[in-house]
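Here is how the chains run, residue by residue.
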Amino acid sequence: MISVEVHDATAMTDLGRRLGAGLRAGDAVCLTGRLGAGKTTLTRGIAAGLGVTGPVSSPTFVISRRYPGRDVDLIHCDAYRLSEDDDFADVVPDAERAVTVIEWGSPVMTAISDSWLEVEIVRTTGAGDETRWVRCEGVGRDWAEARVRELLAEAP
Ligand SMILES: Nc1ncnc2c1ncn2[C@@H]1O[C@H](COP(=O)(O)OP(=O)(O)OP(=O)(O)O)[C@@H](O)[C@H]1O
Ligand SMILES: [Mg+2]
């Protein structure tokens, strides 16, 4: 588990951009964190890192959106209203040819992959402080800790 301290929304976007620049087709990212933690903000950075141009909206009411990137597409999902019973592979077709980022993804990740990057955004400080901790941990064989470390260290 690697923890990164993020001081504000701009730094969260920058962190996402760094992640996005190192992600490749077939990668999946599970985002966890309370309402307003910064999951969509981080995803906007990932989109930028993948070369997505144009706005990335919050997928809360649409479940899933696909954005063309420079080399691979970004699939951005919100699984908040989904359960393990939903056939998530149908919601995210062709995930092996895109980078898939799923907010509230924990119950559905195994439906699309046996390996993913788990990202938890937590707020440990009080009101008025925008600091978040971003905890990253790989699950499964595609995500050895060395890869997570390398991804987080990549130049912005
Ligand atoms: N350090 C920070 N990182 C990310 N966002 C921050 C930070 N500090 C303040 N913010 C603000 O908090 C809000 C985070 O909203 P965002 O939509 O990204 O959260 P979310 O986790 O996707 O929420 P939801 O669960 O509703 O989808 C934004 O308005 C952002 O500007
Ligand atoms: Mg969101």
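Keep in mind that this is a model prediction, so the values were computed, not measured.

1. Let's talk about the coordination of the magnesium ion (ligand 2)
Okay, step 1: Protein-derived coordination of the magnesium ion (ligand 2) comes from Thr-40 (OG1) and Glu-103 (OE), at a distance range of 2.1 to 2.2 Å. Note that Thr-40 is positioned in helix H2 (residues 39-49) and Glu-103 in strand S5 (residues 98-103), a separation of 63 residues in sequence. Per residue, the accessibility class of Thr-40 equals that of Glu-103, and both read buried.

2. So, the site of ligand 1
Okay, step 1: Lining the immediate environment of ligand 1, one finds 17 residues, of which Gly-36, Lys-39, Thr-40, Thr-41 and Glu-130 sit closest.
Okay, step 2: Between ligand 1 and the protein, one listed contact pairs an oxygen atom with a backbone N or O atom of Ala-37 at 3.2 Å.
Okay, step 3: The side chain of Lys-39 places a nitrogen or oxygen atom 2.7 Å from an oxygen atom of ligand 1.
Okay, step 4: When the free accessible area of ligand 1 is taken as 640 Å², the share hidden by the protein chains comes to 74%.
Okay, step 5: Elements represented by at least two residues in the shell around ligand 1 include exactly helix H1 (9-22) and H2.

3. Things to note about the confidence of the model for the chain
Okay, step 1: Summing up the model confidence of the chain, the mean pLDDT is 90 and the portion of residues at 70 or higher is 94%.
Okay, step 2: When pLDDT is averaged over each helix and strand of the chain, the minimum, 74, is found for helix H3 (residues 88-91) and the maximum, 98, for strand S6 (residues 116-122).

4. Here's the deal with the nonpolar core
Okay, step 1: With 30 residues, the main nonpolar core has Leu-42, Leu-74, Leu-117, Val-119, Val-134 and Leu-152 as its most contacted residues.
Okay, step 2: Taken together, the elements giving at least two residues each to this core come down to strand S1 (2-6), H1, strand S2 (28-32), H2, S5, S6, strand S7 (132-139) and helix H5 (145-153).
Okay, step 3: Among residues more than four places away in sequence, those in contact with Leu-42 are Met-12, Leu-15, Gly-16, Leu-19, Leu-31, Val-119 and Ile-121.

5. Re the side chain of Ser-115
Okay, step 1: Tracing the backbone shows Ser-115 in the loop between helix H4 (109-112) and S6.
Okay, step 2: In this structure the side chain of Ser-115 is engaged in a polar contact, spanning 2.8 Å, whose partner is the backbone oxygen of Val-139.
Okay, step 3: In terms of polar contacts, Ser-115 uses its side chain to reach the backbone amide nitrogen of Asp-142, at 2.9 Å.
Okay, step 4: Those residues within four positions of Ser-115 in sequence are excluded, and the remaining contacts are Val-139, Gly-140, Arg-141, Asp-142 and Trp-143.

6. Some words on the state of the cysteines
Okay, step 1: If you walk through the whole model with that rule in mind, you get zero disulfides.
Okay, step 2: For the unlinked cysteine Cys-77, the closest cysteine sulfur is that of Cys-30, found at 11 Å.
Okay, step 3: We note that Cys-136 lacks a disulfide partner, and the nearest cysteine sulfur, in Cys-30, lies 12 Å from it.

7. Quick notes on H1
In an α-helix, one turn spans 3.6 residues, which is why side chains three or four residues apart end up on the same side.
Okay, step 1: Here H1 spans 20 Å end to end across 14 residues, near enough to the 20 Å set by a 1.5 Å rise per residue.
Okay, step 2: On the buried face of H1, the contacting elements are S1, H2, S6, S7 and H5.

8. Details of the pattern of salt bridges
Side chains that carry opposite charge are capable of pairing whenever their charged atoms lie near each other.
Okay, step 1: On inspection of all chains with the given rule, the structure shows six salt bridges.
Okay, step 2: Between Asp-14 and Arg-17 there is a salt bridge, and its shortest N-O distance comes to 2.8 Å. Here Asp-14 pairs with Arg-17, and both are found in helix H1, just three residues apart, close to one helical turn.
Okay, step 3: Among the residues examined, Arg-17 registers a relative accessible area of 33% and is labelled partly exposed.
Okay, step 4: The salt bridge involving Arg-149 is made with Glu-145; its shortest N-O contact spans 2.7 Å. On the criterion of helical spacing, the pair formed by Arg-149 and Glu-145 is a turn pair, its members being four residues apart in helix H5.

9. Some words on the environment of Arg-70
Okay, step 1: Topologically, Arg-70 is positioned in the loop between strand S3 (64-67) and strand S4 (73-78).
Okay, step 2: Not counting the four nearest positions on each side in its chain, Arg-70 is found in contact with Ala-48, Gly-49, Leu-50 and Gly-51.

Cut-offs applied
Residues numbered from 1 in each chain as written. Chains lettered and ligands numbered in written order. Predicted model: local features only at pLDDT ≥ 70, side-chain atom pairs only at ≥ 80, totals over all residues. Heavy atoms only, no water. Donors = N, O, S within 2.8 Å, 3.2 Å for Na, K, Ca; no water. Helix = DSSP H or I, 4+ residues; strand = E, 2+ residues; numbered from the N terminus. Buried < 20%, exposed > 50% of the residue type's maximum accessible area, 1.4 Å probe, protein only. Near = heavy atom within 4 Å. Polar contact = N/O pair within 3.5 Å; in protein donor to acceptor, adjacent residues only side chain to side chain. Areas by Shrake-Rupley, 256 points an atom, 1.4 Å probe, with all protein chains shown as cover. pLDDT = per-residue confidence, 0-100. Core = buried A, V, L, I, M, F, W, Y, C linked by side-chain atoms within 4.5 Å. Contact = heavy atoms within 4.5 Å. Disulfide = S-S within 2.5 Å. Expected span 1.5 Å × (residues − 1). Salt bridge = Lys/Arg side-chain N within 4 Å of Asp/Glu carboxyl O.

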